[in-house]
Each structure stands twice: as structure tokens, then as C-alpha cells.
Amino acid sequence: MKANENSFISLLKKRKEEGILYVIETYGGLLQSVVRKRLFAYPDKVEECINDIFLGIWTTIDSFDESKGSFVNWICGVARLETIDTLRKIQREKNSVPLKDVEIPQEDSELLRIIERELSEETEAILSCLSEKDRELFRRIYMDEEDPESTGQAMGLSRDNVYVRLFRGKQRIRRKLEGKKT
């Protein structure tokens, strides 16, 4: 069946090649001007975008409703959206850096050692208001991330005693940090 002004939409909806060929021949120039207007700075992307538009028309023809508007307006809308997508893709490509160009900074081991020492000193100063047993409990649970129950068993403390010591220790630390007497 040969496509014409009255049958090309039904041919497109039936996925007949004659329908899309008619659209290319009849509306190709219009779509070219829509795309070139938006992609004037990227002439190498025009052909790819137009091909994407025809593919979009082919795959989304079922969403075309003659009662809502003309076919020309619908394909211009498809072209506009596809052109915007192409511009977004170009922008993403510009913002991305090839992995071979990425320089991964090396860790400064001396700096890390100094930071660790300072943190350790600050931690010891904070924990100084606690008894030796409570300091060990805090180190094991909060710094070494041990399980409170297994830590309590290893230190000879009941589960409840561990949580009471942690609670009271936190209160002492808070008071110390606020400048109150422990």
C-alpha cells in the first residue's frame, strides 16, 4: 500500500515502513530546520538527532491523538524534546572527564600520622575523667567497635552493668566538656 496524506498515520500505527518513509519525505525538511535551529553550535550532532527523532516518531506513534492537535505539531514536539535530550547529552559529555585523565591523589602518610596522634591525644583527654576500667570499656566499644555484651563478658561485667557504666561515663564526659566538675 502506497502512503499518502490520508493513510500514512494508520500505516505508522501498523508499523509499516511506507508510513515512516512518507514522514521522512514530507516532513524531513521541517524537522531539519527545527533541529538545526537548536543545534546550530553542534552541526555534527544534527544527523544523529534527526535519526533519533524518526525513531521516536516510529516508536511513540500510538501516543499521537488527532483530536488534540495536528500531526505536524506533534512531530515538532517530538523533535523539540529529542533536541533537548541531545543538548543534555552533549552537556554531560562536556562535564565528564575521561578516567585516564583523572589524577588520584596519594595519601600523605605523615599527615595521617599527625592527625591520628592528635585525635588519640584528644580522645585520651576526654576519657581522662573516667576510671581505668571505664576507659577500657569506652575504647573497646566506641573505638574498636566491639559488641557491648561480649566486651562486658570479657571484662567480667554483666550486660546491665556495661550499659550503666556507658551511660554514667557519657554523663561525666558531657559535664567535663561543658566545664562542670565531675
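Conventions adopted
- Residues numbered from 1 in each chain as written.
- Predicted model: local features only at pLDDT ≥ 70, side-chain atom pairs only at ≥ 80, totals over all residues.
- Heavy atoms only, no water.
- Helix = DSSP H or I, 4+ residues; strand = E, 2+ residues; numbered from the N terminus.
- Expected span 1.5 Å × (residues − 1).
- Buried < 20%, exposed > 50% of the residue type's maximum accessible area, 1.4 Å probe, protein only.
- Arc of directions from axis to C-beta.
- Contact = heavy atoms within 4.5 Å.
- Salt bridge = Lys/Arg side-chain N within 4 Å of Asp/Glu carboxyl O.
- Phe/Tyr/Trp six-rings, centres within 6.5 Å; stacked < 30°, edge-to-face > 60°.
- Patch = residues over 30% accessible without salt bridge, like charges linked within 9 Å, V, L, I, M, F, W, Y side chains within 5 Å.
- Areas by Shrake-Rupley, 256 points an atom, 1.4 Å probe, with all protein chains shown as cover.

Participant: Can you help me understand helix H8 (residues 159-177) in this one?
Facilitator: Since the α-helix advances by 3.6 residues per turn, residues separated by three or four positions end up pointing in the same direction. For H8, built from 19 residues, the straight-helix expectation of 27 Å at 1.5 Å per residue is met to within 8% by its first-to-last C-alpha distance of 27 Å. When we look at burial in H8, the residues that qualify are Val162, Leu166, Gly169 and Ile173. Projected down its long axis, H8 shows its buried positions confined to an angular sector of 70°, all on one face. Facing away from the buried surface of H8 by more than 90 degrees, the exposed residues are Asp160 and Phe167. Residues of H8 that are buried make contact with helix H5 (109-127), helix H6 (132-143) and helix H7 (148-155). Remark: Gly179 follows H8 within two positions and exhibits a positive phi of approximately 90°.

Participant: Where do I start with the pattern of salt bridges in this structure?
Facilitator: Proximity of charged atoms lets side chains of opposite charge pair with each other. By the definition in use, this model includes 15 salt bridges. Notably, a salt bridge pairs Asp62 with Arg15, separated by 3.7 Å at the nearest N-O pair. With a gap of 47 residues between them, Asp62 in the loop between helix H3 (46-60) and helix H4 (71-95) and Arg15 in the loop between helix H1 (8-13) and helix H2 (17-38) connect regions that are remote in the sequence. Take Asp62: its relative accessible area is 54%, and that puts it in the exposed class. By relative accessible area, Arg15 is classed as partly exposed at 35%. The partner of Asp160 in a salt bridge is Arg159, and the shortest N-O contact between them spans 3.4 Å.

Participant: Can you help me understand unusual backbone geometry in this one?
Facilitator: Trans is the prevailing form of peptide bonds, just as negative phi is the prevailing case for residues other than glycine. Phi at Arg15 takes a positive value of approximately 60°, unusual for a residue other than glycine. Positioned with a positive phi, Glu145 is a non-glycine residue whose angle comes to about 55°. Tracing the backbone shows Glu145 in the loop between H6 and H7. The exposure class assigned to Glu145 is exposed, which follows from its relative accessible area of 69%.

Participant: Looking at this structure, I do not really get the packing of aromatic side chains. What am I missing?
Facilitator: The relation between two aromatic rings is expressed through the spacing of the ring centres and the mutual angle of the planes. One pass over the structure, following the stated rule, counts eight aromatic pairs. Ring centres of Tyr27 and Phe71 lie 5.6 Å apart, and the angle between their planes is 55°; this geometry places the pair in the tilted category. Of the two residues, Tyr27 is situated in helix H2 and Phe71 in helix H4; the sequence distance between them amounts to 44 residues. By relative accessible area, which is 10% here, Tyr27 ends up buried. With a centroid separation of 5.5 Å and an interplanar angle of 55°, the aromatic rings of Phe64 and Trp74 are classed as tilted. One end of the pair, Phe64, is in the loop between H3 and H4; the other, Trp74, is in helix H4, with 10 residues separating them in the sequence. What makes Phe64 buried here is its relative accessible area of 5%. The class for Trp74 is buried, based on a relative accessible area of 17%.

Participant: Help me understand H7 in this model?
Facilitator: Among all positions of H7, only Pro148, Thr151, Gly152 and Met155 are buried. Around the axis of H7, the buried residues are gathered within 100° of arc, so they sit on the same side. Of the exposed residues in H7, the ones pointing more than 90 degrees away from its buried face are Gln153 and Ala154. Buried residues belonging to H7 abut H6 and H8.

Participant: What should I look at first to understand a nonpolar patch on the surface in this one?
Facilitator: A cluster of nonpolar side chains, namely Leu111, Ile115 and Leu119, defines an oily patch on the protein surface of about 260 Å² accessible area. Here Leu111 is to be found in helix H5.

Interpretation in functional terms is not warranted from these geometric data alone.
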